[in-house]
Amino acid sequence: MIRLAAAVFGLVALAVLSLFVGVGSVTLSGLLSPAANGNDWELLLISRVPRTLAIVFAGASMAVAGMIMQMLARNRFVEPSTAGTADAAGLGIMLVMLLAPDLPVFARMLIAAAFAILGTALFLAILRRAPLRSPLFVPLIGLMLGGVIGALSSFLAYRYDLLQSLAAWTTGDFSMVLLGRYELLWICFGLTLIAYVTADRFTVAGLGRDFTTNLGLNHRRIMAAGLTIVALVTALVITTVGMIPFIGIIVPNAVSLAMGDNMRRSVPYVALLGAGLVLACDLLGRVVNHPFEIPIGTVLGVVGSGCFLYLLLRKRAHVG
Amino acid sequence: MSARTRSLRVIGATGVLAVCAMLAFMTLDAGGRWDFVLPFRGTKLAAMLLVGYAIAVSTVLFQTITNNRILTPSTMGFDALYVLIQTTFVFALGSEAFSSLDRRIVFLIEAGAMIIFANLLYRMLFSGAVRGLHLILLVGIVFGILFRSLSNLMQRMIDPTAFVALQDRFFASFNAVDQQLLGVSALVVLAASVAVWRLRHVYDVLALGRDAAIGLGVEHRRAVFAILSIVAVLVSISTALVGPVTFFGLLVANFAYQMIPSHRHVFVIPAAVLIAFLVLVGGQVILERIFAFDTALSIVIEFIGGIVFIVLVVRGTAR
């Protein structure tokens, strides 16, 4: 309980910090002084609060999505960016831009989610064909499949001058988040709650098809539900802010090192830590090269691949 | 027919096809403006040949010292490492000081740094601490991602306006080949080829594996260091000229192994080089003249190469 309280407190502290850090200055005195002209409040409500919420929702839901994937695939190193899911969603966005550029954002997101499901299904189909040699085989194939799908997207982007849009979803960036442009991420928040409520089922499904059936649950249906949540979260995050890599690997692994694999118990920690890590990295990106911002995708690319290497090379790594 | 004659025939046939592709590249749709077309396409062709040669030779040699047909310098993060060295250089000097330096000298310094760091990376991956092929591959790939992200981060930290001015100077692609570097790269490739030639008796022995090679009297450590340095220089050249191309080496090396019925490097290396010429130049002709996509060659290579890679890993040719 104390640990949970500490985690919540840490996240709240970071979130408050996030409200006051950025190029335009928002100060407490500016907000509270009677002589305030409202500029500070405007900046706070239109830019900082939406940005902070977007970061918290995206970070928490991506971390939980990674955790669900790891449970269902029974592999510690899968997450949307190491299973072809994210790149497939991006290809979906690319095709929508080409074929139906006028579709509303919500429809675009749904199509991206459909592609994310297809991409993940393709990934699982490849895995089923391959004799499983080592747990590392799984992310290896996933990264490469992502590369192949990504090459398709870049081909389309080159051909039809959409390279800028391509960059928008390959590198996550919260600096464009404003009131009215992030609200889809509330759905991520909802999906994270659903994942929390149904967590036990994923834990059971992670123990295998036979075990699940034995307990009277429908293994297929749980798998489908889990993958749908993952695909929706990925598609939502990519359409609104772009790809946030590695969160789904680092956070669940860190939590499971500390407290084991009971998903119901660890979901809150995974969500809080995911949100906290993305917030911290975004703050870092805002501060380090002030007044310019470094997008979250770049910061997390460095932090995330460093942590991933640590997980891979850790002594006596009990992979699997 | 002996393996020797069959290998020679394959090499001969590939060579003829490669020459045809080069002729097609130089002459198709020229529109009579030879005084413009020949030098313009000539530099592009020269760059493609240099890059094809560098990637083919470096990949085959790398696979010989690692005893493996799936690991390549670029999947192990070597060309990302070169980009990181380039970026660090600009970052450390500041973009103004950097732009006043002679490109060719900068390139030579970067290639020198690349020899040191490539050897360090290799030691780290292959000293025995990282066990198992899949782990080595995954660690190599993630190192590549780390190097790319670090380069990205530094590029973001450089003043944006100065960065835009520098961008095309240090990001090459097949379509924006760095002309200033062609001459010096050709010289370096020549020097590297002399080194490759002088080590020619070692490769077939090294391919038998570390223990067998030592048993047969090869100074394993020194030979690996020398070959890896050559690989590092060749990777620097191809990356400096056209930027990172992840799967090209994997493609040409594996084509060469498939087509040549012999394990001897006298046959495999020339075949890989000629296949590289054929794929690069022929691919460019097809894309440019038939489909009218001129920018896409490296993307198409990534796409096909990625699929081949997945097939190779799934089928488990990884030994």
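Residues numbered from 1 in each chain as written. Chains lettered and ligands numbered in written order. Predicted model: local features only at pLDDT ≥ 70, side-chain atom pairs only at ≥ 80, totals over all residues.

### Section: the overall build of chain A
Then step 1. Along chain A, the regular secondary structure elements total 14 helices and zero strands.
Then step 2. From first element to last, N terminus to C terminus, chain A shows the α and β order α-α-α-α-α-α-α-α-α-α-α-α-α-α.
Then step 3. Projecting the C-alpha coordinates of chain A onto the three principal axes gives extents of approximately 70 × 55 × 35 Å.
Then step 4. The buried share of chain A, taken over its 320 residues, is 48%. (Helix = DSSP H or I, 4+ residues; strand = E, 2+ residues; numbered from the N terminus. Buried ≥ 20, exposed ≤ 12 C-beta atoms within 10 Å, placed from the backbone.)

### Section: the overall build of chain B
Then step 1. When helices and strands are counted, chain B shows 14 helices and zero strands.
Then step 2. The linear arrangement of helices and strands in chain B, starting from the amino end, is α-α-α-α-α-α-α-α-α-α-α-α-α-α.
Then step 3. Its C-alpha atoms give chain B a radius of gyration of 20 Å, near enough to 20 Å, the size a compact globule of 319 residues would have.
Then step 4. By its C-alpha atoms, chain B is 55 × 50 × 35 Å across when sized along the principal axes.
Then step 5. A separation of at least 24 residues holds for 81% of the contacts in chain B among residues at least 6 apart in sequence. (Rg over C-alpha atoms; globule rule 2.2 N^0.38 Å. Contact = placed C-beta atoms within 7 Å.)

### Concerning unusual backbone geometry
All names here are of chain A.
Then step 1. The phi angle at Arg74 is positive, at roughly 50°, despite the residue not being glycine.
Then step 2. By the element assignment, Arg74 lies in the loop between α3 (39-73) and α4 (85-99).
Then step 3. C-beta crowding within 10 Å serves as the criterion here: with 14 such atoms nearby, Arg74 is assigned to the partly exposed category.
Then step 4. Although it is not a glycine, Phe246 adopts a positive phi angle of roughly 70°.
Then step 5. For Phe246, a count of 26 C-beta atoms within 10 Å translates into the label buried.

### So, the nonpolar core
Then step 1. Judged by nonpolar contacts, the single largest core of 199 residues is most densely connected at Ala58(A), Ile68(A), Ala272(B) and Ala276(B).
Then step 2. At 16 residues, α3(A) tops the list of elements feeding residues into this core. (Core = buried A, V, L, I, M, F, W, Y, C linked by C-beta atoms within 7 Å.)

### As for the interface of chain A and chain B
Then step 1. Taken together, the 33 residues of chain A in the interface contact 31 residues of chain B.
Then step 2. Only α5 (105-129), α6 (137-159) and α14 (296-313) of chain A provide two or more residues apiece to the side of chain A that touches chain B.
Then step 3. Per-element accounting of the side of chain A that touches chain B gives the leading share, 15 residues, to α6(A).
Then step 4. When its residues are assigned to classes, the side of chain A that touches chain B shows 22 nonpolar, eight polar and three charged. (Nonpolar A, V, L, I, M, F, W, Y, C, P; charged D, E, K, R; others polar.)

### A short note on the environment of Ala271(A)
Residue and element names in this part refer to chain A.
Then step 1. Its location among the elements puts Ala271 in helix α13 (residues 263-287).
Then step 2. Once the C-alpha coordinates of Ala271 and Ala258 are considered, the two residues, 13 residues apart in sequence, prove to be 15 Å apart.
Then step 3. Setting aside chain neighbours within four positions, we find Ala271 in contact with Ala60, Ala63, Val64 and Thr192.

### Observations regarding helix α11 (residues 219-240) of chain A
Then step 1. In this model, α11(A) (22 residues) spans 32 Å end to end at C-alpha, consistent with the 32 Å of a helix rising 1.5 Å per residue.
Then step 2. Directly beyond the C-terminal end of α11(A), a positive phi value near 100° is found at Gly242(A). (Expected span 1.5 Å × (residues − 1).)

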